[in-house]
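# Architecture at a glance
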Amino acid sequence: MFKVGDKVVYPMHGAGIIEAIEEKEVLGEKKQYYILRLPVGDMKVMIPISNCREVGLREVIDRASVPKVISILKGKSTAMSTNWNRRYRANLEKMRSGDIYEVAEVVRNLAKREKEKGLSSGERKMLENARQILISELALATELEEEKAQSLVDSAFA
C-alpha cells in the first residue's frame, strides 16, 4: 500500500504524486481512494485502493534506472508489423503494461518510424501520449522539471 507523498505511475496516464487518501462514496459504495496529482497536464485522478493492483499502479523507477531508459531510446528499433492495425495493438499492449521500458520502446519505435515513413494520426497520437507518460516518470525519477525531462528524451534521438 502506498502513502501520501509517494511517487507512483498510473499506466496510460503517467506518473504522479499521491496527495491524499480519502474515503468517498461513489454509486452508493464507500471506498478508500488514492488522490493522485499528475503534474503533466495538471490532472487529478481518484484510484480505488482496492483495485490499484489490477490497474497496475506502481512506484516510479529510481534514478539508477534512468540510464537504461535512455539507452532503450537510443537503441535500434525492434521489428514491427507492417500492418498498422497490428502494430497499433502491439504498442497499445506495451503501454497498458505500465512498464517504463516497454513505453520507452514504443516511443523509440514510433519516433523512428515517423522519421522514416510518417505515422497515421492514431499512431501520432499514441506517440505523443507515450512521450508524455515517459517524460512524467523521468521527471519524477530524476526530480527534474518537465521541460528538462523532455530535453533528456529529445537528446536521446539527436
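Below is a summary of the structure that appears in this document. Since this is a predicted model, take the numbers as computed values, not measurements.

## Quick look at the packing of aromatic side chains
What the rule picks out here adds up to two aromatic pairs. Ring centres of Phe2 and Tyr34 lie 5.8 Å apart, and the angle between their planes is 65 degrees; this geometry places the pair in the edge-to-face category. Separated by 32 residues along the polypeptide, Phe2 in the segment before strand E1 (7-10) and Tyr34 in strand E3 (residues 29-38) bring together distant segments of the chain. One exposure class covers both Phe2 and Tyr34, and it is buried. Look at Trp84 and Tyr88: their rings are 6.5 Å apart centre to centre, the planes differ by 70 degrees, and that puts the pair in the edge-to-face class. Of this pair, Trp84 and Tyr88 both sit in helix H3 (residues 84-97), four residues apart, roughly one helical turn. Taking NZ or CZ as reference, Lys68 lies 4.1 Å from the ring centre of Tyr101, over its face.

## A short note on the pairing of E3
As judged from the nine bridges shared by strand E2 (residues 14-26) and E3, these two strands associate in the antiparallel manner. Looking at E3, one finds that Ile18 is bridged to Leu36. Examined bridge by bridge, E3 and strand E4 (residues 43-48) share six bridges and lie antiparallel to one another. Counted as the bridge partner of Leu36 is Val45 from E4.

## A look at a nonpolar patch on the surface
Taken together, the side chains of Met1, Val4 and Ile21 make up a nonpolar region of the molecular surface, amounting to roughly 330 Å² of accessible area. With respect to the element layout, Val4 can be found in the segment before E1. Look at Val4 and you get partly exposed, because its relative accessible area is 49%.

Conventions adopted
- Residues numbered from 1 in each chain as written.
- Predicted model: local features only at pLDDT ≥ 70, side-chain atom pairs only at ≥ 80, totals over all residues.
- Heavy atoms only, no water.
- Phe/Tyr/Trp six-rings, centres within 6.5 Å; stacked < 30°, edge-to-face > 60°.
- Helix = DSSP H or I, 4+ residues; strand = E, 2+ residues; numbered from the N terminus.
- Buried < 20%, exposed > 50% of the residue type's maximum accessible area, 1.4 Å probe, protein only.
- Lys NZ or Arg CZ within 6 Å of the ring centre and 35° of its normal.
- Pairing = 2+ DSSP bridges.
- Patch = residues over 30% accessible without salt bridge, like charges linked within 9 Å, V, L, I, M, F, W, Y side chains within 5 Å.
- Areas by Shrake-Rupley, 256 points an atom, 1.4 Å probe, with all protein chains shown as cover.
- Salt bridge = Lys/Arg side-chain N within 4 Å of Asp/Glu carboxyl O.

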